[in-house]
Amino acid sequence: MAPSQWKCRSEMLVVSGCLLLFIWGFQPVLSRGCNYNAGHNLDNAWYSKDGEDLPIMVLMPMNESALMSSISQGIDPAVNLAIQHIRESRLYPFSLIPKIYDTECDNAKGLRAFFDAICFGPKHLMIFGGVCPSVTSIIAESLEGWNLVQLSFAATTPVLADKKKYPNFFRTVPSDNAVNPAVVKFLSYYNWSRVGTLTQDVQRFSEVRNDLTNELEKADIQIADTESFSNDPCINVKKLKDNDVRIIIGQFDENLASKVFCCAYNLNMFGSKYQWIIPGWYQGNWWEQANSTNCTTRKLLTAMEGYISVDFEPLSAKQTKGISGRTPQEYEREYNRQRQQKGVESSKFHGFAYDGIWVIAKTLTGVREKLREKERENVFRNFTVDDKEVGKMVLDAMNETNFFGVTGQVMFRNGERMGTIKFTQFQEGQEVKVGEYNAIEDALDLINNTIRFQGVEPPKDRTFVRLQRRHINVPLYSILSTITILGMFMAGAFLFFNIKNRNHRLIKMSSPYMNNLIILGGMLSYASIFLFGLDGSFVSDKEFETLCTVRTWILIVGYTTAFGAMFAKTWRVHAIFKNVKMKKKIIKDQKLLIIVGGMLLIDLCILICWQIVDPLKRTVEEYSLEADPQGRDIAIRPFLEHCENTHMTIWLGIVYAYKGLLMLFGCFLAWETRNVSIPALNDSKYIGMSVYNVGIMCIIGAAVSFLTRDQPNVQFCIVALVIIFCSTITLCLVFVPKFITMRTNPDAATQNRRLKFTQNQKKEDSKTSTSVTSVNQTNTSRLDGLQTDNHRLRMRITELDKELEEVTMQLQDTPEKTPYIKQNHYQDLNNILSIRNFTDGKEGEKSILKNHLEQKPQAQWGSVDPSRINRGPLEDINSPEHIQRRLSLQLPILHHAYLPSIGGVDASCASPTASPGSSPRHRHMPPSYRVMVSGL
């Protein structure tokens with residue numbers, strides 16, 4: 001409390017103490033020094049005789065220098081007018097004589113005036129007046145001891161509403177607390193259930209605020225924040241804004257009102273989103289007279305626009321004649337004439353003073369009638385009545401007051417006036433009445449189309465938060481779904497191609513069953529995209545939790561199926577070509593399926609444990625408030641649905657670790673089989689490319705997805721594109737080269753272009769056969785010479801084959817010459833076989849072939865081998881020489897046509913004339929069995 005307030009309170013207590021001593025302690029002594037008849041019976045003449053003058057004590061500040069003296073000057077014409085109208089009505093057999101005592105709005109002087117009226121004035125039946133709250137409260141507290149009743153027309157302080165402390169106090173003007181029920185009714189009318197209060201730290205306003213709090217609690221209206229201030233309200237206004245208070249009820253005088261609205265302007269707390277409700281008893285143009293801020297008048301008017309002020313109604317707006325036989329409007333005209341004649345300013349309390357005189361007249365009339373009735377009942381004995389009994393009669397008569405005056409219906413409830421409260425709104429620089437509240441009927445009546453809010457509708461009492469799901473845009477989902485469907489069609493085309501050509505040696509050597517699993521894994525990965533795009537806008541909360549699990553399972557299983565099958569194929573190639581001992585090793589597709597199944601089993605174990613121990617659940621993440629994009633007075637609180645669990649990081653770490661090991665294993669296999677140059681078997685290059693692309697994309701996708709978790713469209717787009725890219729690249733790297741090879745050169749892919757051995761394999765081969773040596777990469781010139789000789793000899797073999805075919809045809813035509821011809825060509829057959837052996841032999845064999853040709857020139861057709869002259873035709877056909885000749889013609893063709901499908905030849909056997917013995921796998925065999933072993 002301010003020091004000035006403490007001083008005022010202390011002064012009031014001292015004066016009250018002196019007054020109580022005067023009332024109770026020194027009353028007999030003072031009665032001997034003044035004209036006071038306390039304790040004596042009243043003169044019966046005032047109620048038994050008609051035409052008596054009844055003095056009324058009037059307490060109010062009359063000195064022009066006194067505070068609130070303008071109120072007294074303005075109500076004087078109304079009092080005189082009321083006495084005149086009472087006299088003219090001829091309904092009251094007495095005349096009221098007001099005796100004015102100047103209190104000067106000072107506690108000490110007011111007590112002195114009251115003392116003079118008691119001691120030296122006439123016998124007063126009632127006290128009329130009480131303008132200054134401090135003086136009125138001191139005098140009203142002592143009325144019960146004097147058996148007097150006071151009626152005030154201007155004291156609005158809520159303190160006087162305490163009937164325990166002021167039982168003999170009444171007022172025709174509503175108290176400041178009387179506006180609170182009206183305010184609550186107004187709030188309820190617009191469904192405002194959340195408000196805040198801003199109160200000046202003064203007892204008068206604090207009392208109103210406390211009563212308003214009780215009324216709001218009864219009406220179940222939430223008080224979001226209660227702020228009070230002494231001088232600078234900006235901090236408190238800022239707190240109201242921070243607490244999202246939209247409806248602000250202010251209790252402060254006009255001197256601080258300008259500061260409040262200046263702060264409101266600076267904080268942008270005005271316009272369509274805010275509604276200010278302030279007292280309505282400020283003087284006209286108060287914002288100009290009390291502007292002590294740095295805000296201009298224009299700024300203040302901007303912030304003030306639309307505020308609602310609440311105050312009692314000075315005069316009733318009804319066109320109804322009251323107790324005086326005049327309407328409020330007729331009375332107002334007469335009052336203005338009287339006032340103008342005296343040259344005084346109008347007072348807003350003049351109507352309450354006018355009705356107050358009528359209340360006194362009716363009260364005294366009622367008491368007079370009761371006293372006369374009692375006198376008639378006691379006609380046979382002397383009737384006397386004391387002050388206490390008369391005071392009680394006056395008190396009862398006041399409580400029974402009920403008539404229509406110029407200020408409306410006049411009646412009291414516990415001494416408080418049940419009046420009319422008006423609502424005005426500040427519109428374009430002036431206050432316009434928009435409605436009124438009748439306290440007797442508890443009814444709010446708003447004038448149609450008069451109240452104007454800044455927006456298209458009344459302000460909201462809070463920032464209404466609308467939850468808005470951050471969902472995936474349907475166009476984006478449609479585009480990515482279309483791309484996914486195209487990818488699935490592509491995978492279906494690859495599947496059709498793989499099944500249709502499954503018996504082709506190119507596809508057969510690339511394990512068609514594993515290819516089907518790769519396609520199946522890619523299609524499962526594609527299918528997961530559809531599930532990642534479904535959120536709460538498409539499915540219910542329970543279905544969303546199910547989708548969380550299903551899409552995780554599909555993506556993990558699809559990844560393992562595709563890459564597991566790819567790595568299983570590579571493992572078989574690695575197992576065969578890394579077989580150091582060159583033993584026959586058969587790895588069927590069933591074994592590869594078992595390997596893939598084992599990988600999937602590990603996945604299932606992880607997923608089942610995940611689902612049982614810590615299943616994925618739907619979680620909602622809410623974000624900060626955002627303004628409504630359409631400009632409505634609401635706030636948008638975005639929320640996003642996630643699939644999470646308690647130990648999400650641990651489970652993802654387990655899955656990432658397993659998939660990472662699987663990819664590392666695939667990289668290892670791809671590296672180990674990089675030198676296997678049979679395209680139909682070796683996918684190491686494409687596996688490496690797939691692993692690289694998938695690894696890079698997954699790392700980037702996971703990082704971007706984590707950083708954009710609050711942007712579902714971006715996150716879904718990244719995840720979908722990563723899955724589409726990885727699946728498409730993997731399928732294309734596996735199947736597009738096969739498709740191209742099938743269209744261009746289907747045989748080249750099944751032939752070994754170049755087979756390199758590691759150093760360990762070379763050492764192992766050198767131990768098993770000393771005759772097998774590798775071509776030294778440094779001896780390039782030597783290798784070129786051997787290739788030239790090899791080509792020349794192959795051409796020679798081709799020529800001899802043609803000659804042999806011609807001879808064979810001739811022998812079929814002339815069987816009788818068979819022995820002769822065969823004998824002549826026996827040496828040529830040996831030469832052919834020797835040449836074939838030479839092409840598979842070493843450099844030393846080349847020299848032997850040359851010597852053989854030089855020593856034995858071409859045989860003559862006429863020479864005959866004596867050992868074969870006597871043999872029969874059948875024996876000669878089945879002779880070893882004939883069998884060897886037939887094998888030398890047929891086996892190269894069979895070898896070229898069938899052996900590649902079972903992996904029996906290498907890339908050097910590119911032509912049917914190439915010797916099977918040239919394969920490194922057969923070089924260690926003896927020359928006599930070389931052809932047969934190669935065929936097997």
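For every chain, the first residue of its written sequence is number 1, and the numbers climb from 1 along that sequence. Given that this is a predicted model, residues contribute local features only at a pLDDT of at least 70 and side-chain atom pairs are listed and counted only at 80 or more, while totals for whole chains, interfaces and linings are drawn from all residues. Values shown for side chains rest on all heavy atoms present in the structure; no hydrogens or waters enter the calculation.

Under an unreviewed UniProt entry, the protein chain has the name G-protein coupled receptors family 3 profile domain-containing protein and belongs to Anguilla anguilla. UniProt positions are given in the numbering used here, feature names are shortened, and annotations may be inferred rather than shown by experiment. Turning to the protein chain, the UniProt annotation filed under Subcellular location (unreviewed entry) states: "Postsynaptic cell membrane". What UniProt states about the protein chain under its Sequence similarities (unreviewed entry) heading is, verbatim, "Belongs to the G-protein coupled receptor 3 family. GABA-B receptor subfamily."

(A) Spatial organisation of the overall build of the protein chain. Helix and strand content of the protein chain: 31 helices and 20 strands. Per-residue burial over the protein chain gives 47% buried out of 936 residues. What makes two residues a contact is simply this: any of their non-hydrogen atoms within 4.5 Å. At a minimum sequence separation of 6, the contacts of the protein chain that also span at least 24 residues come to 74%. Note on areas: Shrake-Rupley, 1.4 Å probe, and residue coverage restricted to the protein chains presented here. Accessible surface, the protein chain as shown: approximately 47,500 Å² in total, 56% of it carbon and sulfur. The helix count covers DSSP runs of H or I at least four residues long, the strand count covers runs of E at least two residues long, and both are numbered beginning at the N terminus. For each residue, the accessible area found with a 1.4 Å probe, counting protein chains only, is set against the maximum for its type, and the residue is called buried under 20%, exposed over 50%, and partly exposed in between.

(B) Quick peek at the state of the cysteines. Working definition: a disulfide is two cysteine sulfur atoms within 2.5 Å of each other. Enumeration according to the criterion identifies 4 disulfides in this entry. Of note for the protein chain: the bonded cysteines, numbered N- to C-terminal, pair according to 1-2, 3-5, 4-6, 7-8. In this structure Cys 605 is a free cysteine whose sulfur lies 6.5 Å from that of Cys 609, the closest cysteine sulfur available.

(C) Fine view of the confidence of the model for the protein chain. The pLDDT averaged across the protein chain works out to 77; a share of 74% of its residues lies at or above 70. Confidence scores per residue from the predictor, reported as pLDDT, run from 0 to 100. Segment residues 832–875: pLDDT under 50, and 65 contacts once partners within four positions in sequence are set aside and those in other chains are kept.

(D) Representation of the pattern of salt bridges. Throughout this description, the term salt bridge denotes a Lys or Arg side-chain nitrogen within 4 Å of a carboxyl oxygen of Asp or Glu. Under the criterion given, the structure shown has 25 salt bridges. Across the salt bridge formed by Asp 244 and Arg 246, the nearest N and O atoms sit 3.6 Å from each other. Note on Asp 244: relative accessible area 23%, which makes it partly exposed. Put simply, Lys 460 and Glu 457 hold a salt bridge, and the shortest N to O gap is 3.4 Å.

(E) Molecular detail of the sheet that holds strand S13 (residues 416–417). Strand pairing follows a simple DSSP-based rule, namely that at least 2 bridges must link the two strands. Overall, antiparallel pairing links the 3 strands, which are arranged S11-S12-S13 in an open sheet. Only two strands of the sheet have a single partner each, and these edge strands are strand S11 (402–405) and S13. Here S11 pairs with strand S12 (residues 408–413) via 4 bridges, running antiparallel. In the strand pairing of S12, Phe 404 is matched with Gln 409.

(F) Representation of helix H16 (residues 387–399) in the model. Each residue after the first adds 1.5 Å to the expected span of a helix. For H16, built from 13 residues, the straight-helix expectation of 18 Å at 1.5 Å per residue is met to within 8% by its first-to-last C-alpha distance of 18 Å. Looking at H16, one finds that the buried residues are Asp 387, Val 390, Gly 391, Met 393, Val 394, Leu 395, Ala 397 and Met 398.

(G) A nonpolar patch on the surface, seen in detail. Nonpolar side chains (Val, Leu, Ile, Met, Phe, Trp, Tyr) within 5 Å and like charges within 9 Å form the patches, drawn only from residues with over 30% relative accessible area and no salt bridge. A surface patch of nonpolar side chains, about 490 Å² in accessible area, is lined by Leu 601, Leu 604, Ile 608, Ile 612 and Val 613. Along the chain, the position of Ile 612 falls in helix H21 (residues 589–613).

(H) Spotlight on the packing of aromatic side chains. Paired rings are identified among Phe, Tyr and Trp, the last through its six-membered ring, by centres lying within 6.5 Å, and are further divided according to the angle between planes into stacked (under 30 degrees), edge-to-face (over 60) and tilted (the rest). Applying the stated rule across the entire model yields 36 aromatic pairs. Aromatic side chains Phe 170 and Phe 412 sit 5.5 Å apart centroid to centroid with 80° between the ring planes, which places their arrangement in the edge-to-face category. With Phe 170 in strand S5 (residues 169–171) and Phe 412 in strand S12, this pair connects stretches of sequence that are 242 residues apart. Neither residue differs from the other here; Phe 170 and Phe 412 are each classed as buried. For the pair Trp 287 and Phe 426, a centre-to-centre distance of 5.1 Å together with 75° between the ring planes defines the contact as edge-to-face. Here Trp 287, found in helix H12 (residues 286–289), pairs with Phe 426, found in strand S14 (residues 420–427); they are 139 residues apart in sequence, far enough to count as distant. Trp 287 sits in the buried class, given a relative accessible area of 7%. For the cation-ring pair, Arg 204 lies above Trp 281, with the distance from its terminal atom to the ring centre recorded as 4.4 Å. Across the ring face of Tyr 274, the terminal group of Arg 246 is positioned such that the distance to the ring centre comes to 5.8 Å. Note on geometry: a ring has a charge over it if NZ (lysine) or CZ (arginine) is within 6 Å of the ring centre and within 35 degrees of the ring normal.

(I) Local environment of the pairing of S14. Most of S14 sits inside the fold, with 7 of its 8 residues counted as buried. Sheet topology note: the strand S10 (residues 308–312)/S14 ladder contains 5 bridges and is antiparallel. From the neighbouring strand, Asp 311 faces S14, where its bridge partner is Lys 422. As paired elements, S14 and strand S15 (residues 430–438) share 8 bridges and run antiparallel to each other.

(J) Spotlight on the nonpolar core. Core analysis: the largest hydrophobic core is formed by 81 residues, its most contacted members being Leu 96, Phe 128, Phe 153, Phe 186 and Leu 187. Here the element with the most residues in this core is helix H15 (residues 350–377); it accounts for 11 residues. Beyond its immediate sequence surroundings of up to four residues, Phe 186 is in contact with Trp 192, Ile 277, Ile 308, Phe 423, Leu 444, Leu 446 and Ile 451. Among the nonpolar cores identified, the runner-up in size contains 54 residues, and Phe 544, Phe 563, Ile 606 and Met 663 belong to it. Residues belong to one nonpolar core when they are buried, are Ala, Val, Leu, Ile, Met, Phe, Trp, Tyr or Cys, and are joined through side-chain atoms within 4.5 Å.

(K) A look at the packing of helix H19 (residues 512–532) against helix H24 (residues 712–744). At a minimum axis distance of 10 Å, the contact between H19 and H24 shows a crossing angle of 165°. In terms of orientation, H19 and H24 fall into the roughly antiparallel class. Where H19 crosses over H24, the two elements pack in a sense that is left-handed. For the pair H19 and H24, contact is made by Asn 515, Ile 518, Ile 519, Gly 522, Ser 525, Tyr 526, Ser 528, Ile 529 and Phe 532 and by Phe 716, Ala 720, Ile 723, Ile 724, Ser 727, Thr 728, Leu 731, Val 734, Phe 735 and Lys 738, respectively. When the residues that make up the contact of H19 with H24 are grouped by side-chain class, the tally is 12 nonpolar, 6 polar and 1 charged. For every element, the axis is a line fit to its C-alpha atoms; helices are fit only across the contacting stretch, and the angle between N-to-C directions ranges from 0 to 180 degrees. Angles below 35 degrees are treated as roughly parallel, those above 145 as roughly antiparallel, those between 65 and 115 as roughly perpendicular, and all remaining angles as oblique. Note on convention: the crossing is left-handed when the near helix lies turned anticlockwise from the far helix by less than a right angle, right-handed when the turn is clockwise. Three residue categories are used. Nonpolar comprises Ala, Val, Leu, Ile, Met, Phe, Trp, Tyr, Cys and Pro, charged comprises Asp, Glu, Lys and Arg, and polar comprises the others, including Gly.

(L) Spatial organisation of the environment of Ala 527. Following the sequence through the fold, Ala 527 ends up in helix H19. Placed 28 residues apart in sequence, Ala 527 and Leu 555 show a C-alpha to C-alpha distance of 8.2 Å.

(M) How the structure looks around the sheet that holds strand S6 (residues 194–200). With mixed pairing, the 8 strands of this open sheet are ordered in space as S7-S6-S8-S9-S10-S14-S15-S16. Looking at strand neighbours, the two that pair on one side only are strand S7 (222–229) and strand S16 (443–446), the edges of this open sheet. Pairs of neighbouring strands in the sheet enclose a mean axial angle of 25°, with direction left out of account. Relative to S16, S15 runs antiparallel, the two being bridged by 4 bridges. Each bridged residue has a counterpart across the sheet, and for Gly 435 the counterpart in S16 is Leu 446. Each of S6, S7 and strand S8 (247–251) is contacted by helix H9 (residues 203–218), which is oriented at about 165° to S6, the strand it contacts most.

(N) Here's a closer look at the packing of helix H17 (residues 474–500) against H19. Remark: H17 packs on H19, axes separated minimally by 9 Å, with the N-to-C direction vectors making an angle of 170°. Considered as vectors, H17 and H19 are oriented roughly antiparallel to each other. Contacts between H17 and H19 involve Tyr 477, Ser 481, Thr 484, Ile 485, Gly 487, Met 488, Met 490, Ala 491, Phe 494, Leu 495, Asn 498 and Ile 499 on the former and, on the latter, Pro 512, Asn 515, Asn 516, Ile 519, Met 523, Tyr 526, Ile 529 and Phe 530.

(O) Structural view of the side chain of Asp 253. Take Asp 253: it is sitting in the loop between S8 and helix H11 (254–266). Buried and without a salt bridge, Asp 253 has Arg 204 as its closest oppositely charged side chain, separated by 7.6 Å. Think of a polar contact as two N or O atoms within 3.5 Å of one another; within protein, one of them needs to be a possible hydrogen donor and the other a possible acceptor, and neighboring residues in sequence only count if both atoms come from side chains. Of note is the side chain of Asp 253, whose polar atom sits 3.2 Å from the backbone nitrogen of Asn 255. In contact with Asp 253, other than residues within four places in its own chain, are Gln 200, Phe 205, Trp 281 and Tyr 282. Here the positive residues are Lys and Arg and the negative ones are Asp and Glu; neither His nor the chain ends is included.

(P) View of helix H13 (residues 297–304). Buried within H13 are the following residues: Leu 300, Ala 303 and Met 304. Taken around the axis of H13, the buried residues stretch over an arc of 95°, which confines them to a single face. Check the buried side of H13 and you find it contacts H11, H12 and S14. Once H13 ends, the next one or two residues include Gly 306, with phi positive near 95°. The arc in question is formed by the directions pointing from the helix axis toward the C-beta atoms.

(Q) Representation of the environment of Gly 522 within the structure. Within the secondary structure, Gly 522 sits in helix H19. For the pair Gly 522 and Cys 726, spaced 204 residues apart in sequence, the C-alpha to C-alpha distance is 8.8 Å.

(R) Expanded view of the side chain of Ser 69. Assignment of secondary structure puts Ser 69 in helix H4 (residues 69–89). From its side chain, Ser 69 meets the backbone oxygen of Asn 63 in a polar contact 3.3 Å long. Excluding anything up to four places from it in sequence, Ser 69 contacts Pro 61, Asn 63 and Glu 64.

(S) Structural context of unusual backbone geometry. For Asp 244, which is not glycine, the phi torsion reads 60° and is therefore positive. Turning to its location among the elements, Asp 244 is positioned in the loop between helix H10 (234–242) and S8. Not every positive phi belongs to a glycine, and Asn 268 is a case in point at roughly 60°. Mapped onto the elements, Asn 268 comes out in the loop between H11 and strand S9 (275–279).

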